[in-house]
Amino acid sequence: NRQDELSGIHVLVTAGPTREPLDAVRFLSNYSSGKMGYALAEEAKERGARVTLISGPTKLEPPQGVNLISVQTAEEMFNAVKENFAAADVVIKAAAVADFRPRWVTSGKIKKESADLLLELERTPDILAYLGQNKSNQILVGFAAETEDLLVNAREKLARKNLDMIVANDLTEEGAGFDVDTNVATILFPEGEAVELPRLTKKELAGVILDQVAKLLRRTKED
Ligand code: C5P
């Protein structure tokens, strides 16, 4: 019975892009719509989980009954995730976290005084890598959105970030990736197993991901 498949389970989902300020009126970001993360939050809620959704700026309506925490920057998302990590049983990191941020944030508006402007960027914290290093018994699910060598890169991330599952989606496939309502993905596991999926709506894909999460939860309960 799907309705209570995840009852008693606390699922933490991150979604959307982050915004990294450059000055008082500008930021660096990406095209993430948040659709995949919101679909996961909704599906987890429908299966009886307690859901915390940590989201960057999106145009989406949060699903009924989920605890929404709104953030802007990678740093804010990192702090919100750390605060909610210990209480979570499952963490699904669907957010497209900015990998770099401006090293200096100008307090006012940058003036167009010179012909060129050189931006210096620094790395943001890798939230998921931190979780992988600090997990107790949480199930960690990551996403890998790639434009080349998808499965090789996804396997590498699965191992390096100490994940239990990674959802690899090919940004070059039609009907996959940012802002569309469908996705084409392969789910990979540390033991080498791979579940290759056809084009699904993000809601359907959320269902398949949570089926796999439920399977892992049953397995850890048996051990
Ligand atoms: O950016 P990358 O391809 O490494 O993203 C893989 C996974 O790591 C995604 O699940 C993403 O949400 C997560 N990530 C993160 N913090 C970052 C970068 C990525 O949690 N700074």
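Bear in mind that the values here come from a model prediction, so they are computed numbers and not experimental data. (Residues numbered from 1 in each chain as written. Predicted model: local features only at pLDDT ≥ 70, side-chain atom pairs only at ≥ 80, totals over all residues. Heavy atoms only, no water.)

## Concerning unusual backbone geometry
Then, number 1: Of note in the backbone geometry, D149 takes a positive phi value of approximately 45 degrees without being a glycine.
Then, number 2: Following the sequence through the fold, D149 ends up in the loop between β9 (139–146) and α4 (150–160).
Then, number 3: Even without being a glycine, N162 presents a positive backbone phi close to 60 degrees.
Then, number 4: Examined against the element boundaries, N162 turns out to sit in the loop between α4 and β10 (165–170).
Then, number 5: Taking relative accessible area as the criterion, N162 reaches 39% and is therefore assigned partly exposed. (Helix = DSSP H or I, 4+ residues; strand = E, 2+ residues; numbered from the N terminus. Buried < 20%, exposed > 50% of the residue type's maximum accessible area, 1.4 Å probe, protein only.)

## Some points on the environment of G192
Then, number 1: Note on placement: G192 falls in the loop between β12 (185–188) and β13 (194–196).
Then, number 2: Judged by relative accessible area, which is 40%, G192 ranks as partly exposed.
Then, number 3: For G192 and R155, which are 37 residues apart along the polypeptide, the C-alpha to C-alpha distance reads 8.6 Å.

## Thoughts on the packing of aromatic side chains
Then, number 1: A full pass over the atoms with the stated rule returns one aromatic pair.
Then, number 2: Ring geometry for F78 and Y130: centres 5.2 Å apart, planes at 85 degrees, overall edge-to-face. Residue F78 is located in helix α2 (residues 74–85), and its partner Y130 is located in helix α3 (residues 127–134); the two are separated by 52 residues in the primary sequence.
Then, number 3: Judged by its relative accessible area of 29%, Y130 is partly exposed. (Phe/Tyr/Trp six-rings, centres within 6.5 Å; stacked < 30°, edge-to-face > 60°.)

## What about the side chain of N183?
Then, number 1: Considering the arrangement of structural elements, one finds N183 in strand β11 (residues 182–183).
Then, number 2: N183 has contacts with M36, N169, G175, A176, G177, P198, R199, L200, K202 and L205, leaving out every residue within four places of it along the chain. (Contact = heavy atoms within 4.5 Å.)

## Considerations on the side chain of T124
Then, number 1: Here T124 lies in the loop between β8 (121–123) and α3.
Then, number 2: For T124, a relative accessible area of 7% translates into the label buried.
Then, number 3: In terms of polar contacts, T124 uses its side chain to reach the backbone carbonyl oxygen of A98, at 2.6 Å.
Then, number 4: Not counting the four nearest positions on each side in its chain, T124 is found in contact with E20, A74, A98, D99, F100 and R101. (Polar contact = N/O pair within 3.5 Å; in protein donor to acceptor, adjacent residues only side chain to side chain.)

## Regarding the site of the ligand
Then, number 1: If you check the shell around the ligand, you find 13 residues, and the closest are K93, A95, P125, K157 and K161.
Then, number 2: The contact in question runs from a nitrogen atom of the ligand to an N or O atom on the backbone of P125, over 2.8 Å.
Then, number 3: A distance of 2.9 Å separates an oxygen atom of the ligand from a polar backbone atom of L128.
Then, number 4: Mapped by element, the contributors of at least two residues to the shell around the ligand are α3 and β9.
Then, number 5: When grouped by side-chain class, the residues that make up the shell around the ligand number six nonpolar, two polar and five charged. (Near = heavy atom within 4 Å. Nonpolar A, V, L, I, M, F, W, Y, C, P; charged D, E, K, R; others polar.)

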